[in-house]
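What follows is the residue order along each chain.
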Amino acid sequence: MAVLVKAHSPEPNSNGPCRLCAAPLRDTFADLGMSPLANSFLRRDQLQNMELFFPLHVQTCRECFLVQLREYQSSEKIFSDYLYFSSYSSTWLEHARRYTEQVIARFGFNEQSQVMEVASNDGYLLQYFQLRGIPVLGIEPAANVAAVANERGVKTRSVFFTAEAARSLVAEGLTADLIVNNNVLAHVPDLHSFVEGLRIALKPQGVITLEFPHVLE
């Protein structure tokens, strides 16, 4: 049986700062207790080892109203060996296919366009642009998942997307007519650097689309 090891967390009403505006976090939206990391399952040979649990304490900023978790574990640790592959879901693949058809029809992307997806996983979406002859580039922090995408012929780089990473792409002459972000924004530790990176990597007349969960829904 795995041993629960509680990660340190400050007392309520002393958390902060807000990940968006840096105001002190004082209000609890939902406190769901302790939980291990999602998509970090133990192997059989790890069942006698310690398993880290972290506070699932959701807070709301009084200044900008962002609902958020504090960062208890680094992104590098979470995504070093990721177990979620988007192509496992047939309904998600169909959603990706329909999205591709819609944005191509609306914006006229073609063989001269460049499409990038940040957190592109195993190439589940970019494959549909590639089938239409449109150049693609995936940005995927999980090296094991990026390797699968590259094996499938979907050009993917294993890197965390930041403003600095975007500048490196631009220095190589890589800028995007379309940047896709599906269910990644809520996982970003440095929101300002991430969004600035989107601006840097986008062509002047380019398009960014984002999908993310919304609390009210």
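Owing to the predicted nature of the structure, the values given are computational and were not obtained by experimental measurement.

Q: Got a minute to help me understand the overall build of the protein in this structure?
A: Along the protein, the regular secondary structure elements total 6 helices and 9 strands. Residues classed as buried in the protein amount to 39% of the 217 residues present. Counted over contacts in the protein with a minimum sequence separation of 6, partners at least 24 positions apart contribute 65%. When the accessible area of the protein is evaluated, it comes to approximately 12500 Å², of which 55% is carbon and sulfur surface.

Q: Quick question: what am I supposed to make of the environment of A119 here?
A: Checked against the element boundaries, A119 lands in the loop between β5 (115–118) and α3 (126–131). Separated by 20 residues in sequence, A119 and I139 have C-alpha atoms that sit 5.6 Å apart.

Q: Quick question: what am I supposed to make of helix α6 (residues 191–201) here?
A: One turn of the α-helix equals 3.6 residues, which is why residues spaced by three or four share an orientation. All of the buried residues along α6 are L191, S193, F194, G197, L198, I200 and A201. Along its buried surface, α6 packs onto β5, α5 (163–171), β8 (176–182) and β9 (202–211).

Q: How do you make sense of the nonpolar core when you look at a structure like this?
A: What tends to happen in soluble globular proteins is that the nonpolar side chains get buried as a cluster. Judged by nonpolar contacts, the single largest core of 20 residues is most densely connected at Y99, V115, L125, L126, F129 and L178. Elements with a minimum of two residues in this core: α2 (90–107), α3 and β8. Here this core gets 6 residues from one element, more than from any other, and that element is α2. Ranked by size, the runner-up nonpolar core spans 19 residues in total, among them L137, A163, I200 and A201.

Q: Explain the side chain of Q114 here, please?
A: Within the fold, Q114 resides in the loop between α2 and β5. Q114 sits in the buried class, given a relative accessible area of 14%. Each residue touching Q114, except ones within four places of it in the same chain, is listed here: P135, V136, L137, L174, T175, A176, D177 and L178.

Q: Just checking my understanding: could you explain the packing of aromatic side chains for this structure?
A: Here the distance between the centres and the angle between the planes together describe a pair of aromatic rings. What the rule picks out here adds up to 4 aromatic pairs. Centre to centre, the rings of Y99 and F129 are 6.5 Å apart; their planes meet at 75°, and the pair counts as edge-to-face. In this pair, Y99 is assigned in helix α2 and F129 in helix α3, connecting sequence segments 30 residues apart. Note on accessibility: Y99 and F129 belong to one class, buried. Between F161 and F194, the ring centres sit 5.5 Å apart and the planes meet at 75°, which makes this aromatic pair edge-to-face. You can see F161 sitting in the loop between β7 (156–157) and α5 and its partner F194 sitting in helix α6, a full 33 residues away along the chain. Each member of the pair, F161 as well as F194, is classed as buried.

About the criteria used
Residues numbered from 1 in each chain as written. Predicted model: local features only at pLDDT ≥ 70, side-chain atom pairs only at ≥ 80, totals over all residues. Heavy atoms only, no water. Helix = DSSP H or I, 4+ residues; strand = E, 2+ residues; numbered from the N terminus. Buried < 20%, exposed > 50% of the residue type's maximum accessible area, 1.4 Å probe, protein only. Contact = heavy atoms within 4.5 Å. Areas by Shrake-Rupley, 256 points an atom, 1.4 Å probe, with all protein chains shown as cover. Core = buried A, V, L, I, M, F, W, Y, C linked by side-chain atoms within 4.5 Å. Phe/Tyr/Trp six-rings, centres within 6.5 Å; stacked < 30°, edge-to-face > 60°.

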